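Breakdown of the fold
One-letter residues, chain by chain:
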Amino acid sequence: MKGTPEAPLPLRSVRLHSELTLRSPITAMDLPGTNRRMVLQQNGQVLTFPNQASVTQADLALDINAVNRSTTDEQFAAARDMTLHPNFLDNGYLYVVWSIRPHDVEGGTRISRFRMSEAWLNRERGVGNTMVPTIDPTSRLDLITYPSGDHIGASLNFGPDGMLYITTGDGSLPYPPDVNKAAQDISDLRGSVLRIDVDATTQLPDGSTLPYAIPKDNPFVNQENARGEIFAFGLRNGFRAAFDPADDALWVADVGWERCEMVHRIVPGGNHGWSLYEGPYPVDLEQPSGPGEVISPAVVFPRSESQSITGGVFVPPNAWSGASKTETTLATSQHALDAGRYLCGCFMNGNVWSIDTQSNTASGKPPVPEKIARTGLKIIDFFVSRIPGDEDAANREQVAPQIILVDYSGGLYRLEPNPNQAESATFPQKLSETGLFADTAKLIPNAGVTEYAPAATMYRDSIFTVRHMAIPGTDSIHPMRKKYVEGTVFANTLLREVLDEAGKPVIVRLETQVLSFDGLNWNSTTFRWNQQQTDATLVPSVGATANYRVSDPFWGVREWEHRFHARDVCTSCHNVANPGAASLVPENLRADMGAGSWKELADAGWVVDAKAKGGHEMVDPYDEDQPLEQRARSYLHANCAHCHRPAGGAASRMDLRHIRPLDQTETVNINAAQGDFGLGKDAKVIDPGRPENSVLVYRAATSGPGKMPRLGCTTADLRGARLLWDWIKEMSLTDATSTRGGPLGKDPSSGSKDSMSETLPTVASMRVWRKLVEMNSDAAISEVKELTTDSRVATDPIAMGLFQAWIPPDQRTITVGDDPDKAALLELTGDAKRGLQWYYESAVSQCRQCHQIGGVGKDVGPSLAGISKKRTRAEVLQSIIDPSETIEPEWASHTFLTVDGELVTGRINQETDDAVVVQQADGSLVKLNSEDIELRKPNPQSLMPSGLLSTMTPQEVADLLAFLMSTNESGQLP
């Protein structure tokens, strides 16, 4: 399989200097006055090399670590950035940010000035001079310092005013956030943007000389208990900055904590939020705040889109001299590559975005990022190159500028127009066209494809799976080290027992989920099986649903809806921290499993030879003959560890991988980070010996607020939650000193209607839940029916979520469902802050997939910013429930039939006499030539699907409405 079904992005990355080996490059740039490039590596080495495709070796100009070791015994940590003085050709000055270990050493992060060697400065000028540049190691002058740490920034940029701007981080480890509370403290240089004059000095009262001056117009220069160097504050880890040529504003990419990545338009004296907020999300509102109102980020990237933002550059004129307009309209707007656009990227997934920084001024709309390249690189910097290469020898004076990415893995890459514009047109539309199966109807794999069956797999209601993997060539894959062969494919076919037309139970294939690796990125697609079970067709990127009749063990024959998830949802689990197949590890394919074991796969050349880590072997969680702890840890790995692992995107510190010792999982006696759900303000993730007090058990047991996992299943896994209960119950009580919810070891069978009046009703509900799972279904249903006659229970979403399995499906009021009670929803009081969180949870509320607000989202539908000025709360709710009732002309959809028989549906984005550009429901743009359009008709249905609220609780809908109604016309968040 090759490519993706989506229209290709307009740019691609191409490796430069492919024979040159770099070790963790941090930044790179042209060396003025030469035909050479200069690179700073993380180890403190500054290298230069000629701009030639065939170059194989770089020349060492300076080793900062070696220079420092010659006079101290300090331990070098890392170099972070480098820049050249505006008058570099005359004075030879360059500036480097670097740091030492350990953390929190006063003065451990330094901005040092170095100077080129006299011999190089006095050389004969011109690109023809081949003298190898060197930097004088004795020229080091430390200008400014602040404590060493983990997040120290940094970015060095000379502004249009000639001042040096420095971004600093808060210095903290990822957790706890901003431990020193530095970012809101303007007496501390950390978490800020600094501005200093390096061309002047300052005489201090003690007679010493400060090697820089503080500009008199800096905002805090005369403020008591403030550092005058600070230009703005409230950044977590400002990483790479650039000045907008349109208005000289400074734009800084800020690496987020748990929920999002940010890009700020820096305001002099501005408070940019951290660590009061992480973008729109509250973090620590109890700490003292710095001066001024918090300024929201200009752009917010949810963690599903970017996991570590890297700031970039502004596109110079003529950067894409080889690109035509038709090449840039398929997947993005016509203006995505225009000169003046700001580019930024992601260190983790390698995507590159274009941002119109002037959109607010020009149209009143907040800037919205457009993805323009999918590189798969660890992008740590951008730079604009203007020096000629080998191919420019005949025309050195007219070389077009190039935008180059610095890949931390060890290379430089040029962004250039993507020639693969037709690739998506050839993507398989049927499973039989993928080449995975010799006989698709029987799932018989082709050569080069094999089946595997892990011991522990994810709970998916009553669905089971058949897994295949395809690896081209003869090389083996190494999933533990995230090393895969280009062209690797994983296919996961989902099956379930349903009832046929005659009412007989049959096993049917629902869908086959496919992950394909193109050498840089993992691409996800889903194929839906036809009724004849002979083949499967590609599901649209926005997903779909299908209804089946099933025999429910509790409720008999009923309708069941299966959801084919949108492609973007796949990255919630299969992300950069967890690429490929999550279940494919040696511990999950043990040697004693026989056929299909890791050893058998390794012997056949599919995977590298590896042994399972002793004591961490995984088992079927539902096999009661296996050890209890092994079952529980296997369950948590299969159902939770795809997010709950380092860089997995979860908003907590938990690491639930099976290979992590329990005392390192950040669960036992650890306070719950995302709410206590009525278990008390000191509720623990795992409270040893107290499963009824453990948030982990609650979230696995409930179908209501806080349900986990959020994807893959619609009902709570009663067997799995009971397993976790029993496991925690057997844990030692030594550390469980709290008396929350009653005496230690209270028998869960004591759960009853009377106990529902306890101080902590969630604890009581948990005990009742444990009693119910041991009862037969008829007795449990009768028990819940009696319990819910008590209005306190019937109106408690916590209790009703726990008891949902025993409530008839047509009587459940946990979620809004497909026929919501509008009057009841409008009577509820919503919380805008909670609603904000729901808005950004793409797996639950898909609003931002089509609408813009607060710098996030697409423009498939109208902007939601300031919606309260245009519509009432009731009108907003009605438009969500029935989006086709009223469709504004600008957002009406049309269907086009081309002369080739292709059907295209979407809203008209642009139209001329010669062509129509159609924006489809997933945001992609398709250009149709007018002469190719055979039929065109308007659609009565909105592109926005109905039923978006169906899986939300009434309170969640009320919260979402409160959030939407609280935004202003600029898209600023509450």
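In the block above lies the structure referred to throughout.
Report on the accompanying structure. (Residues numbered from 1 in each chain as written. Predicted model: local features only at pLDDT ≥ 70, side-chain atom pairs only at ≥ 80, totals over all residues. Heavy atoms only, no water.)

Once that is clear, we can look at the nonpolar core. Among the nonpolar cores identified, the biggest contains 45 residues, and Leu696, Leu724, Trp727, Trp769, Leu802, Phe803 and Trp806 are the most heavily contacted of them. Where this core is concerned, the elements lending two or more residues are helix 7 (628-640), helix 8 (695-701), helix 9 (718-729), helix 10 (761-774), helix 11 (777-787) and helix 13 (797-802). Counting residues per element, this core draws most heavily on helix 9, at seven residues. Not counting residues within four places of it along the chain, the set of residues in contact with Trp727 comprises Leu628, Glu629, Ala632, Arg633, Leu636, Leu662, Ile686 and Leu696. Within the second largest apolar cluster, 33 residues are counted, among which are Leu16, Phe314, Cys344 and Ile380. (Core = buried A, V, L, I, M, F, W, Y, C linked by side-chain atoms within 4.5 Å. Buried < 20%, exposed > 50% of the residue type's maximum accessible area, 1.4 Å probe, protein only. Helix = DSSP H or I, 4+ residues; strand = E, 2+ residues; numbered from the N terminus. Contact = heavy atoms within 4.5 Å.)

Counted under the stated rule, the structure contains 21 aromatic pairs. Judged by centre distance (4.9 Å) and plane angle (90°), the ring pair of Tyr484 and Trp522 falls under edge-to-face. One end of the pair, Tyr484, is in the loop between strand 32 (464-470) and strand 33 (489-499); the other, Trp522, is in strand 35 (residues 522-529), and 38 residues separate them in sequence. Each of the two residues, Tyr484 as well as Trp522, counts as buried. With 6.4 Å between their ring centres and 85° between their planes, Tyr622 and Tyr635 make a pair best called edge-to-face. Here Tyr622, found in the loop between helix 6 (598-603) and helix 7, pairs with Tyr635, found in helix 7; they are 13 residues apart in sequence, far enough to count as distant. A residue is classified by how much of its surface remains accessible, and Tyr635, at 4% relative accessible area, is buried. Aromatic rings pair up to connect Tyr484, Phe490, Phe517 and Trp522 into one cluster. The positively charged end of Arg236 is found above the aromatic ring belonging to Trp274, 5.7 Å away from the centroid. Its guanidinium or amino end placed over the ring of Trp529, Arg509 lies 4.7 Å from that ring's centre, counting from NZ or CZ. (Phe/Tyr/Trp six-rings, centres within 6.5 Å; stacked < 30°, edge-to-face > 60°. Lys NZ or Arg CZ within 6 Å of the ring centre and 35° of its normal.)

Across the sheet, which stays open at both edges, the four strands sit in the order 6-7-8-9 with antiparallel pairing between neighbours. Two strands in the sheet have a free side with no partner beyond their single neighbour: strand 6 (75-84) and strand 9 (135-146). Going across the sheet, the axis of each strand differs from the next one's by a mean of 30°, ignoring polarity. Here strand 8 (residues 109-116) pairs with strand 9 via seven bridges, running antiparallel. Along strand 9, the bridge assignment pairs Met116 with Ile135. (Pairing = 2+ DSSP bridges. Axes fitted to C-alpha atoms, helices over the stretch in contact; angles between N-to-C directions.)

A few words on helix 16 (residues 873-881). When helix 16 is considered as a whole, its buried residues turn out to be Val876, Leu877, Gln878, Ile880 and Ile881. If you follow the buried residues of helix 16, they end up packed against helix 14 (822-827) and helix 17 (954-964).

This part covers the packing of helix 7 against helix 9. The contact between helix 7 and helix 9 brings their axes to 9 Å, and the two run at 130°. When the axis of helix 7 is compared with that of helix 9, the two are oblique. In this structure, helix 7 meets helix 9 at a crossing whose hand is left-handed. Facing Leu628, Glu629, Arg631, Ala632, Arg633, Tyr635 and Leu636 of helix 7, the residues of helix 9 in contact are Gly720, Leu723, Leu724, Asp726 and Trp727. Partitioned by chemical class, the residues of the contact of helix 7 with helix 9 number seven nonpolar, one polar and four charged. (Parallel < 35°, antiparallel > 145°, perpendicular 65-115°, else oblique. Left-handed = near helix turned anticlockwise from the far one by under 90°. Nonpolar A, V, L, I, M, F, W, Y, C, P; charged D, E, K, R; others polar.)

Counting buried positions along strand 4 (residues 45-50) yields five of six residues, so the element is predominantly enclosed. Sheet analysis places strand 3 (residues 36-41) next to strand 4, joined by five bridges and oriented antiparallel. By the bridge assignment, Val39 is partnered in strand 4 with Leu47. Bridging between strand 4 and strand 5 (residues 59-63) involves four bridges; their strand directions are antiparallel. Paired with Thr48 across the two strands is Asp59, which belongs to strand 5.

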